[in-house]
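# Examination of the molecular architecture
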Amino acid sequence: MPTPEWQKSSHCGEGDACLHVAAAGDRTVKLTESSDPDGAILSTTPAAFAALTRALKGNRG
């Protein structure tokens, strides 16, 4: 299985705990925490990840 190419948000500062995201070859979106990128990796569908980002952007308040 190829290693995911993780991307970090441009809003994440140096030393901050950030969420890293990668598109996987199995058509899923992978999520992991920057403090332990080889630790827990969550997988979700692109549609579910899009719904999550829409909800988070809608709650900027």
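A short tour of the structure in this document, coming up. (Residues numbered from 1 in each chain as written. Predicted model: local features only at pLDDT ≥ 70, side-chain atom pairs only at ≥ 80, totals over all residues. Heavy atoms only, no water.)

### A closer look at the overall build of the chain
We count it as follows: Under the scheme used here, helices are H or I runs from DSSP no shorter than 4 residues and strands are E runs no shorter than 2 residues, and both carry numbers assigned from the N terminus. The classification of residues rests on relative accessible area computed with a 1.4 Å probe and restricted to protein chains. Under 20% of the type maximum is buried, over 50% is exposed, and intermediate values are partly exposed. Any two residues having at least one pair of non-hydrogen atoms within 4.5 Å are treated as being in contact. Only the protein chains shown count as cover for residues, and the accessible areas themselves come from Shrake-Rupley with a 1.4 Å probe.
A tally of helices and strands in the chain yields one helix and four strands. When the helices and strands of the chain are placed in sequence order, the string is β-β-β-β-α. Each of the 61 residues in the chain was classed as buried or not, and the buried ones make up 16%. Relative to all contacts within the chain whose residues are 6 or more apart in sequence, the contacts with residues 24 or more apart total 9%. Total accessible area on the chain stands at roughly 4,900 Å², and carbon and sulfur atoms take up 54% of it.

### A look at the pattern of salt bridges
For the record, the criterion: Salt bridges are defined by distance alone: a side-chain nitrogen of Lys or Arg within 4 Å of a carboxyl oxygen of Asp or Glu.
Taken as a whole and judged by the stated rule, the model has one salt bridge. Between Asp26 and Lys30 there is a salt bridge, with its nearest N and O atoms 3.7 Å apart. Owing to a relative accessible area of 42%, Asp26 belongs among the partly exposed residues under this scheme. Residue Lys30 is classed as buried on the basis of its relative accessible area of 11%.

### Things to note about the sheet that holds strand β3 (residues 29-33)
Quick reminder of the rule: Pairs of strands are assigned from DSSP output, requiring at least two bridges between the strands.
One open sheet accounts for four strands, arranged β1-β2-β3-β4; its pairing is antiparallel. Edge positions in the sheet fall to β1 (7-8) and β4 (42-44), since each has one partner strand and no second. The pairing of β1 with strand β2 (residues 19-23) spans two bridges and is classified as antiparallel. By the bridge assignment for β2, Lys8 is matched with His20.

### Some words on the side chain of Lys30
Operational definition: Pairs of N or O atoms within 3.5 Å make up the polar contacts considered here, provided that, within protein, one atom can donate a hydrogen while the other can accept it, and that residues adjacent in sequence are counted only when both atoms are side-chain atoms.
For Lys30, the position within the fold is in strand β3. Of note is the side chain of Lys30, whose polar atom sits 2.7 Å from the side chain of Ser43. Excluding its chain neighbours within four sequence positions, the residues that come into contact with Lys30 are Trp6, His20, Val21, Ala22, Ala24, Ile41, Leu42 and Ser43.

### Quick word on the environment of Lys30
The spacing of Lys30 and Leu42 is 12 residues in sequence and 5.6 Å in space, taken between C-alpha atoms. A polar contact of 3.4 Å, which involves the side chain of Lys30, links it to the side chain of Thr28.

### Looking at the pairing of β3
Burial of β3 is extensive: four of the five residues sit out of reach of the surface. Of the pairings in the sheet, the one linking β2 to β3 comprises five bridges and is antiparallel in character. The partner of Val21 across the bridge, within β3, is Leu31. The turn joining β2 and β3, which pair antiparallel and follow one another in sequence, is formed by five residues; a positive phi near 65° is taken by Arg27.

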